[in-house]
Amino acid sequence: MPDDLTLPPRPDFFPAPGGALPQHWSKCFGCGDDQPAGMAMTFTAGEGLEVSGRLTVAQRYQGGPGVIHGGILSVAFDEVQGMACMVLGGPVVTGHLEIDFARPIPLGSVLEFRARIDGMVRRKVYTSAEARIVEGPTAGDTVVATSRGLFLTIKPEHFAPMADFVDGVPVSPFGTSSL
Ligand SMILES: CCCCC/C=C\C/C=C\C/C=C\C/C=C\CCCC(=O)SCCNC(=O)CCNC(=O)[C@H](O)C(C)(C)COP(=O)(O)OP(=O)(O)OC[C@H]1O[C@@H](n2cnc3c(N)ncnc32)[C@H](O)[C@@H]1OP(=O)(O)O
């Protein structure tokens, strides 16, 4: 990480700690309630710049025998670190994401993710996150996976060339929540 990073303020529009965060896009595979095949993650604001996310590890997320697929875990980290960027009040996309898979995560577990912005320079937003199993046979305080991400702030027009590929009219596009 560069050493000239700054931290954004926690904005007035951000919910109080424990408050639900809106979806960023209702057709999102990670969090959208207009995406039946998706992962239906939910998010709440934490203290300071922290954001929490929850994922129930469904049977269909299996990778190795009885455990979560690493790609699914990567989606969850992408999502929660993207949501941590919501304090910026504008859109971001992932430029780089890295994951450390520290412990096996059994199917049926409920994972809690905590993420935050560690610093920014120009359009670059450096984030980190960790996951714990909060429900299930191996639940505990152990960190089961960690992640670092680089997000780039973008203009909303970034998505304009892709508009024709959206699968139908979103029922409830930006700024909605299934909570
Ligand atoms: C997915 C929908 C998101 C919708 C968001 C809408 C509203 C929501 C509001 C808040 C967000 C809330 C929640 C988001 C939740 C979940 C997020 C999921 C996010 C995703 O899942 S999103 C899909 C995967 N993602 C992509 O689809 C990106 C494809 N990609 C590109 O579109 C370009 O690649 C882009 C835009 C990344 C950069 O392109 P660009 O031309 O704008 O910028 P440029 O190249 O000039 O780089 C500027 C500075 O970043 C450095 N830099 C760039 N890339 C780097 C890399 N990889 N590693 C290290 N440094 C990198 C350069 O070195 C330079 O650094 P320096 O300033 O020091 O010179």
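Keep in mind that this is a model prediction, so the values were computed, not measured. (Residues numbered from 1 in each chain as written. Predicted model: local features only at pLDDT ≥ 70, side-chain atom pairs only at ≥ 80, totals over all residues. Heavy atoms only, no water.)

**Q** Describe the overall build of the protein, and please don't skip the residues or the numbers.
**A** Across its full length, the protein carries 1 helix and 6 strands. In sequence order, the protein lays out its α and β elements as β-β-α-β-β-β-β. In terms of overall size, the protein behaves like a compact globule, its C-alpha atoms giving a radius of gyration of 16 Å where 179 residues would be expected to give roughly 16 Å. With the C-alpha coordinates aligned to their principal axes, the bounding extent of the protein is approximately 45 × 45 × 30 Å. Pairs at least 24 apart in sequence give 69% of the contacts found in the protein among residues at least 6 apart. Separation of charge centres in the protein, based on 13 positive and 19 negative side chains, amounts to 3 Å. (Helix = DSSP H or I, 4+ residues; strand = E, 2+ residues; numbered from the N terminus. Rg over C-alpha atoms; globule rule 2.2 N^0.38 Å. Contact = heavy atoms within 4.5 Å. Lys, Arg positive; Asp, Glu negative; His and termini not counted. Charge placed at Lys NZ, Arg CZ, Asp CG, Glu CD.)

**Q** Account for the UniProt feature "domain: Thioesterase" (unreviewed entry) in the protein, with residues named and values stated.
**A** Under the present numbering, the feature "domain: Thioesterase" (unreviewed entry) in UniProt falls on residues 66-136. Helix and strand shares over residues 66-136 are 21% and 48% respectively, and the end C-alpha atoms of the span are 13 Å apart. (UniProt positions renumbered as here; feature names shortened; annotations may be inferred.)

**Q** Could you give me a rundown of the environment of Phe151, with the residues and numbers involved?
**A** Looking at where Phe151 falls in the secondary structure, it is placed in strand 6 (residues 143-153). Residue Phe151 is classed as buried on the basis of its relative accessible area, which comes to 1%. Considering only alpha carbons, one finds Phe151 and Gln62, 89 residues apart in sequence, at a separation of 28 Å. Ignoring sequence-local partners within four residues, the contact set of Phe151 consists of Asp78, Gln81, Gly82, Cys85, Val92, Val93, Thr94, Gly95, Arg123, Lys124, Val125 and Thr127. (Buried < 20%, exposed > 50% of the residue type's maximum accessible area, 1.4 Å probe, protein only.)

**Q** Lay out the site of the ligand with the relevant residues and their values.
**A** For the ligand, the set of nearby residues contains 18 residues, the closest of which are Asp78, Gly95, Arg122, Arg123 and Lys124. Gly95 is positioned such that a nitrogen or oxygen atom in its backbone is 2.9 Å from a nitrogen atom of the ligand. In this structure, Arg123 approaches the ligand through a side-chain N or O atom, which is 2.7 Å from an oxygen atom. When contributions to the shell around the ligand are tallied by element, the ones reaching two or more residues are helix 1 (70-84), strand 3 (92-101) and strand 6. Per-class residue counts for the shell around the ligand are 7 nonpolar, 6 polar and 5 charged. (Near = heavy atom within 4 Å. Polar contact = N/O pair within 3.5 Å; in protein donor to acceptor, adjacent residues only side chain to side chain. Nonpolar A, V, L, I, M, F, W, Y, C, P; charged D, E, K, R; others polar.)

**Q** Tell me about the pairing of strand 5 (residues 124-135), and name the residues and values.
**A** Of the strand pairs in this sheet, strand 4 (residues 110-121) and strand 5 are connected by 11 bridges, and their pairing is antiparallel. Within strand 5, the position partnered with Arg114 by the bridge is Glu130. Connecting the antiparallel pair strand 4 and strand 5 is a turn made up of 2 residues, with Arg122 showing a positive phi of about 50 degrees. The sheet contact formed by strand 5 and strand 6 spans 9 bridges and is antiparallel. Along strand 6, the bridge assignment pairs Tyr126 with Leu150. (Pairing = 2+ DSSP bridges.)

**Q** Can you tell me about the state of the cysteines, naming the residues and giving the values?
**A** This model, assessed by the stated rule, comprises 0 disulfides. Cys31 provides the cysteine sulfur closest to Cys28, a residue in no disulfide bond, and the two sulfurs are 3.9 Å apart. You can call Cys28 buried: its relative accessible area is 10%. (Disulfide = S-S within 2.5 Å.)

**Q** Which residues make up the environment of Ser128, and what are the values?
**A** Within the secondary structure, Ser128 is located in strand 5. On a C-alpha basis, the gap between Ser128 and Thr138 in space is 23 Å, while along the polypeptide they are 10 residues apart. Sequence-distant contacts of Ser128, defined by excluding residues within four places in its chain, comprise Gln81, Arg114, Ala115, Arg116, Asp118, Ser147 and Arg148. Of the polar contacts made by the side chain of Ser128, one reaches the side chain of Asp118; its length is 2.8 Å.

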